[in-house]
Amino acid sequence: MSDTEADGSKRRGIEYDVRGVTVRGWLQMPDGPGPHPVVILAHGFGGLKEWTIPAVADTLVGDGIAAIAFDYRNFGDSDGYPREEVDHCGQIDDFLGAIAYATTVPGLDPTRIGLWGTSLGGRNALAAAAIDSRVKCVVAQVPGVSLSVQLWVDMMLPGGDVAALEAAIHEDQRDRLLGKEPHYVSMDAPPDSESGSYLATHGEAEKRNWGKRISLQSFAPTVVDNLSYLMPRIAPKPLLMILAKQEHPALLAGQRSAYAAAGEPKSLLEVDGHHYTVYTDWKDATITAARDWFLEHLTA
């Protein structure tokens, strides 16, 4: 692992190894000698550390909480192949690696580590919190806790069907064994769509590492598609879940079920709007809620 200063700012580049894969991100420290509590932040399905996370980090750092952000393996500045492939279990490992990394940094308090994740990153943060005793509290925003091939078709691949997607996944697996290149689907949504309206808020700097695609294997079923069985293991770590009332019905039902399965202490915030409005219309409110949660449970 190594640290390098980033353009003289309070953010400095970091990297750490997770089972042979180099994961890269940045660390942002508050003023003062510390030791500071720290929150580890990561985005969702195909998301990058440049999206939304800097605004959350700035808010936390302004209140004395350090922030670590990273790109998952196969994305952004991190290593890993195939590029733009969501390794569902590997992403949870990347979160756990960031927790371990935080314990090595002078000026950070290894007894006050929080996690923030959004969308699929919310799922990853919940899983990490359930299995790692070093985590003290967690915020999961519109988490993808109940996934299925049908849900991927409905949310990400309009016009498709389950049988066709499953057949394409299996064909891609066969082709890879024969030495062919991975299959990809486009993620470049029109600006008037729900996801496109969010992507349109990013400038060139935020999109510098965006491949506008996702590998077909990112949609393959995994053992962490349904996280309800892990939810009771998070307690007694304080949990805040932030949901969108106009979320896809199946995803929202899974989120509410996961929240119900979690033990105390916990809190639920539901905002009007769809999955992506937590980053746009409700951005300030959701960041404030997360900040207040961490202030209460990491700095009190």
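To be clear, the structure that these remarks concern was listed above.
Residues numbered from 1 in each chain as written. Predicted model: local features only at pLDDT ≥ 70, side-chain atom pairs only at ≥ 80, totals over all residues. Heavy atoms only, no water.

(A) Looking closely at helix H2 (residues 88-102). With 15 residues, H2 should cover 21 Å at 1.5 Å per step; its first-to-last C-alpha distance of 22 Å lies within 8% of that length. Across the 15 residues that make up H2, a large majority, 12, are buried. Within the sequence span of H2, burial applies to His88, Gly90, Gln91, Ile92, Asp94, Phe95, Leu96, Gly97, Ala98, Ile99, Tyr101 and Ala102. (Helix = DSSP H or I, 4+ residues; strand = E, 2+ residues; numbered from the N terminus. Expected span 1.5 Å × (residues − 1). Buried < 20%, exposed > 50% of the residue type's maximum accessible area, 1.4 Å probe, protein only.)

(B) Looking closely at the packing of H2 against helix H3 (residues 120-131). At a minimum axis separation of 9 Å, H2 and H3 run at an interaxial angle of 60°. When the axes of H2 and H3 are compared, the pair comes out oblique. Regarding H2 and H3, the two cross each other, and that crossing is right-handed. Contacts between H2 and H3 involve His88, Gln91, Ile92, Phe95, Leu96 and Ile99 from the former and Leu120, Gly121, Arg123, Asn124, Ala125, Ala127, Ala128 and Ile131 from the latter. For the contact of H2 with H3, the per-class residue count stands at nine nonpolar, four polar and one charged. (Axes fitted to C-alpha atoms, helices over the stretch in contact; angles between N-to-C directions. Parallel < 35°, antiparallel > 145°, perpendicular 65-115°, else oblique. Left-handed = near helix turned anticlockwise from the far one by under 90°. Contact = heavy atoms within 4.5 Å. Nonpolar A, V, L, I, M, F, W, Y, C, P; charged D, E, K, R; others polar.)

(C) The nonpolar core, seen in detail. Of all hydrophobic cores here, the largest spans 77 residues; its most connected members are Ile40, Leu115 and Phe219. Once residues within four sequence positions are removed from consideration, Leu115 is found in contact with Val39, Ile40, Phe95, Ile99, Ala125, Ala128, Ala129, Val135, Cys137, Val138, Val139 and Phe294. Of all hydrophobic cores here, the second largest spans 22 residues; its members include Val39, Ala57, Ala69 and Ala289. (Core = buried A, V, L, I, M, F, W, Y, C linked by side-chain atoms within 4.5 Å.)

(D) Examining helix H8 (residues 283-299) more closely. The terminal C-alpha atoms of H8 lie 23 Å apart, and with 17 residues this matches the ideal 24 Å at 1.5 Å per residue to within 8%. Residues of H8 that are buried: Thr286, Ile287, Ala289, Ala290, Arg291, Trp293, Phe294 and Leu298. For H8, the elements touching its buried residues are strand S4 (36-42), helix H1 (53-62), strand S6 (108-118), strand S7 (135-141), strand S10 (239-244) and strand S11 (266-271).

(E) Quick peek at the pairing of strand S2 (residues 11-18). With eight bridges connecting them, S2 and strand S3 (residues 21-28) associate as antiparallel partners. Considered in S3, the bridge of Val18 is made with Val21. If you look at the hairpin formed by S2 and S3, you'll find two residues sitting between the two strands, and Arg19 has a positive phi there, around 50°. (Pairing = 2+ DSSP bridges.)

(F) Up close: the side chain of Ser119. Relative to the helices and strands, Ser119 resides in the loop between S6 and H3. Apart from the residues within four sequence positions on either side, Ser119 is in contact with Gly44, Phe45, Gln141, Val142, Pro143, Gly144, His275 and Tyr279.

(G) Up close: the pattern of salt bridges. Within the structure shown, the criterion is met by 21 salt bridges. Put simply, Arg176 and Glu85 hold a salt bridge, and the shortest N to O gap is 2.5 Å. Of the two residues, Arg176 sits in helix H5 (residues 162-177) while Glu85 sits in the loop between strand S5 (66-70) and H2, which places them 91 residues apart along the sequence. Take Glu85: its relative accessible area is 12%, and that puts it in the buried class. Close ionic contact of Lys245 with Asp272 constitutes a salt bridge, the shortest N to O distance being 3.9 Å. (Salt bridge = Lys/Arg side-chain N within 4 Å of Asp/Glu carboxyl O.)

By themselves, these observations are geometric and do not establish any function.
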